[in-house]
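# What the coordinates show
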Amino acid sequence: MKVRRCEQLVCRWLAGGLEVGIPGRRQWIRLSDDLYKVLDRAGAGVELDDLAGAFGAEHEPDVREAVAALIQLGVLVEVDRAPRVPPLWERWGAVAQRMHIEARDADYLVESPRRDDEVNAIVAEGGAPAAFKEYPDRPSVPLPRRPLPLGAPVEDVFALRRTHRQFTDGPVTLDQLATLLFHSFAPHRFLDGDAFGTLQCRVSASAGARHEVEAYVVVYNVTGVAPGLYHYSVARHALELLDESVTREQVAGLMYHQEASYAGAFTVLTTAVANRLAWKYRHPRAYRLWMYDAGHYGQTFALAATALGLGPFQTVAFVDSEVESLLGVDPDEEFAVYLLAAGVPRDAGALLPADFAFPRLGQGN
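All values derive from a computational prediction rather than experimental measurement. (Residues numbered from 1 in each chain as written. Predicted model: local features only at pLDDT ≥ 70, side-chain atom pairs only at ≥ 80, totals over all residues. Heavy atoms only, no water.)

### So, the sheet that holds strand β13 (residues 266-273)
Pairing within the open sheet is antiparallel, and its 7 strands lie in the order β7-β12-β11-β10-β13-β15-β14. Among the strands making up the open sheet, the edge pair consists of β7 (140-142) and β14 (311-315). Going across the sheet, the axis of each strand differs from the next one's by a mean of 25°, ignoring polarity. Where strand β10 (residues 213-219) lies against β13, 7 bridges are found, and the strand directions are antiparallel. Following the sheet pairing, V218 is matched in β13 by T267. Contacts from helix α11 (residues 286-307) reach β10, β13, β14 and β15 (334-343) within the one sheet, and its direction differs from that of β15 by about 15°. (Pairing = 2+ DSSP bridges. Helix = DSSP H or I, 4+ residues; strand = E, 2+ residues; numbered from the N terminus. Axes fitted to C-alpha atoms, helices over the stretch in contact; angles between N-to-C directions. Contact = heavy atoms within 4.5 Å.)

Encoded structure:
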């Protein structure tokens, strides 16, 4: 019988030594020096007799026993009977597969007697991350507090929602931008979260109401707002100026020059302040949650923009590290997740029913 290592193995060094992830399971095994040598010699294929004899006759029974155990775990495989790596993981690789496996089957302690103990331990530990991010020392633009009414029938908004890639040179009004940011990112009300404190209720769903998504707005053509890079303060409903020199051309370089990313009136770069999730959800499955939440925010943004007569665009095709550098955030604490943009759509008239008119389009308060 000929054996070899599994084609894709993920290993990690911990304080106690080297561990290897068991293929297909959320389990790891510690590799002693001897087990490591067995895997190393197995390589891409070796006869079992040769492998067992390589460590001396006195160790041959132990090596055969170890090989049998490693085959049962899938860390070693029989060459003639090796399971084929599913095409998905051939394309995405072992690291992506490991992340997927680690994020499966988390215990949320629903109706568990341990739930209260876990909650109390988290709260007692302290260090809860701030619910809001602010730049209080930066110049700010207060936004109108009264949103424009979204009077369009929901079925029309659903039917008209498109990803737009062509925009006119027309400006977006301050009221339109304020309304869009408010409905997309700001809390509408608050609830008592008991041990976890006050919880925000926003239009978009968020795991545990943690709302880790932050919005940074690059303004190009908004009436009443100077061009530049801003942070949207949801607590103050204001734009906080971070860099007045950021231009369309600079944003284009971060987005592989996808024109729709920067051709509208503004671009919104969203991030995840990940510790807002990690503080409460301390298992690898929580890594998925910011992805879901980013999608929730993106759809709310697209629908609200459509209801305001704007054309939305969204993409994840950007250079993460360069976006994070532009925003001045620590990528170990806050990382880029989604790009949203909007402007006056060039093809808006062709999409609207003949008798339809968006309410108060372009008017101020």
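### Examining the nonpolar core
Of all hydrophobic cores here, the largest spans 43 residues; its most connected members are F185, Y232, L239 and F266. For F185, the residues in contact, after removing those within four places along its chain, are R202, V213, A215, Y232, V234, V268, T270, Y297, F301 and L340. Within the second largest apolar cluster, 24 residues are counted, among which are Y216, Y220, F318 and A341. (Core = buried A, V, L, I, M, F, W, Y, C linked by side-chain atoms within 4.5 Å. Buried < 20%, exposed > 50% of the residue type's maximum accessible area, 1.4 Å probe, protein only.)

### A word on the pairing of strand β9 (residues 198-201)
Where strand β8 (residues 189-192) and β9 come together, 4 bridges link them in antiparallel fashion. Bridge pairing in β9 places L191 opposite L199. In sequence, β8 turns back onto β9 through a hairpin of 5 residues, with D194 there showing a positive phi of about 55°.

### Here we look at the pairing of strand β1 (residues 2-5)
Examined bridge by bridge, β1 and strand β5 (residues 46-47) share 2 bridges and lie antiparallel to one another. Each residue of the ladder has a partner; that of K2, found in β5, is E47. Strand direction decides the pairing type here: β1 and strand β6 (residues 76-78), joined by 3 bridges, are antiparallel. What sits directly across from V3, in β6, is E78.

### Let's talk about the packing of helix α8 (residues 174-185) against α11
Where α8 contacts α11, the two axes come as close as 9 Å, and the packing angle between them is 145°. Here the hand of the crossing between α8 and α11 comes out right-handed. Within the contact between the two elements, α8 uses L180, H183, S184 and F185 and α11 uses Y297, T300, F301, A304 and A305. Residues of the contact of α8 with α11, tallied by class, amount to 6 nonpolar, 3 polar and no charged. (Left-handed = near helix turned anticlockwise from the far one by under 90°. Nonpolar A, V, L, I, M, F, W, Y, C, P; charged D, E, K, R; others polar.)

### Notes on the pattern of salt bridges
In the structure shown here, the tally under the stated rule is 14 salt bridges. Taking the shortest distance from any N to any O, the salt bridge between E19 and R30 comes out at 2.8 Å. Taken together, the residues E19 in strand β3 (residues 17-21) and R30 in strand β4 (residues 28-31) connect sequence positions 11 residues apart. A relative accessible area of 42% means that R30 is categorised as partly exposed. (Salt bridge = Lys/Arg side-chain N within 4 Å of Asp/Glu carboxyl O.)

### Focus: helix α3 (residues 60-73)
Structurally, the α-helix is built with 3.6 residues per turn, so residues lying three or four positions apart point the same way. Between its first and last C-alpha, α3 extends 20 Å over 14 residues, near the 20 Å set by a 1.5 Å rise per residue. Looking only at α3, the buried set comprises V63, A66, V67 and L70. Looking down the long axis of α3, one finds its buried residues gathered within 100° of arc, a one-sided arrangement. Those residues of α3 that are exposed and aimed more than 90 degrees away from the buried face are P61, E65 and Q72. Downstream of α3 by one or two residues, G74 has phi in the positive range, about 90°. (Expected span 1.5 Å × (residues − 1). Arc of directions from axis to C-beta.)

### Brief notes about a negative patch on the surface
A cluster of acidic side chains, namely D116, D117, E118, D192 and D194, defines a negative patch on the protein surface. When residues in the negative patch are grouped by element, the largest group, 3 residues, is from helix α6 (residues 115-125). As for its position among the elements, D116 is in helix α6. (Patch = residues over 30% accessible without salt bridge, like charges linked within 9 Å, V, L, I, M, F, W, Y side chains within 5 Å. Areas by Shrake-Rupley, 256 points an atom, 1.4 Å probe, with all protein chains shown as cover. Lys, Arg positive; Asp, Glu negative; His and termini not counted. Charge placed at Lys NZ, Arg CZ, Asp CG, Glu CD.)

### Observations concerning the packing of aromatic side chains
One pass over the structure, following the stated rule, counts 6 aromatic pairs. Measuring from centroid to centroid gives 5.6 Å for Y287 and W290, while their planes differ by 85°, and the two rings are edge-to-face. With a gap of 3 residues between them, Y287 and W290 both fall in helix α11, about one helical turn apart. Accessibility expressed as a relative area gives 13% for W290, which makes it buried. Seen in terms of ring centroids, W290 and F335 are 5.2 Å apart; in terms of plane orientation they differ by 70°. Their pairing is edge-to-face. One end of the pair, W290, is in helix α11; the other, F335, is in strand β15, and 45 residues separate them in sequence. Note on F335: relative accessible area 16%, which makes it buried. Every member of this aromatic cluster is reached through a ring pair, and the members are Y287, W290 and F335. Lying across the ring of F55, R41 places its NZ or CZ 5.5 Å from the centre. A cation sits over an aromatic face here: R98 above W28, 4.8 Å from the ring centre. (Phe/Tyr/Trp six-rings, centres within 6.5 Å; stacked < 30°, edge-to-face > 60°. Lys NZ or Arg CZ within 6 Å of the ring centre and 35° of its normal.)

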